[in-house]
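# Results of the structural survey
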Amino acid sequence: MSLRLSIVIPVLNEAPVLEASLEALQPWREIGEIIVVDGGSEDGSANLADPMVDQLLQSSRGRALQLNAGAARAGGERNPHDARCLARNHAPGDAGGPR
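Reference entry: report on the structure contained in this document. (Residues numbered from 1 in each chain as written. Predicted model: local features only at pLDDT ≥ 70, side-chain atom pairs only at ≥ 80, totals over all residues. Heavy atoms only, no water.)

### What about the sheet that holds strand β2 (residues 32–38)?
Pairing is parallel across the open sheet formed by three strands, whose spatial order is β1-β2-β3. Pairing within the sheet leaves two strands with one partner each, and these edge strands are β1 (5–11) and β3 (55–58). Within this sheet the neighbouring strands show an average axis-to-axis angle of 20°, counted without direction. Of the pairings in the sheet, the one linking β2 to β3 comprises four bridges and is parallel in character. (Pairing = 2+ DSSP bridges. Helix = DSSP H or I, 4+ residues; strand = E, 2+ residues; numbered from the N terminus. Axes fitted to C-alpha atoms, helices over the stretch in contact; angles between N-to-C directions.)

This is the structure in structure tokens:
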């Protein structure tokens with residue numbers, strides 16, 4: 001049985017760093033989904049994220065509200081709390097990353 005992850009990322013005006021963060025998370029799509037929940041960005045974050053995610057959601061501002069909105073739509077069995085740690089530290093198959 002393979003593990004499916006749902007990576008929920010709340011964003012608000014994150015355009016300067018969002019593309020690099022989502023690019024680093026692309027290998028994780030092999031075993032799960034990336035969900036970005038935009039809290040009303042005014043810098044084009046949603047448009048930038050759209051082609052790099054499995055779901056793009058809109059929510060009211062607030063990290064907890066955004067995480068809850070993403071979790072409600074998530075289809076995976078696991079939901080990492082901080083996707084930026086995944087992007088920084090491991091890719092699927094790396095030591096410490098999923099197999």
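Next comes the rest of the account.
### Comments concerning the side chain of Ser41
As for its placement among the helices and strands, Ser41 is situated in the loop between β2 and α2 (45–49). In this structure the side chain of Ser41 is engaged in a polar contact, spanning 2.7 Å, whose partner is the backbone nitrogen of Asn13. In terms of polar contacts, Ser41 uses its side chain to reach the side chain of Asp38, at 2.5 Å. (Polar contact = N/O pair within 3.5 Å; in protein donor to acceptor, adjacent residues only side chain to side chain.)

Purely geometric numbers; function is a separate question.
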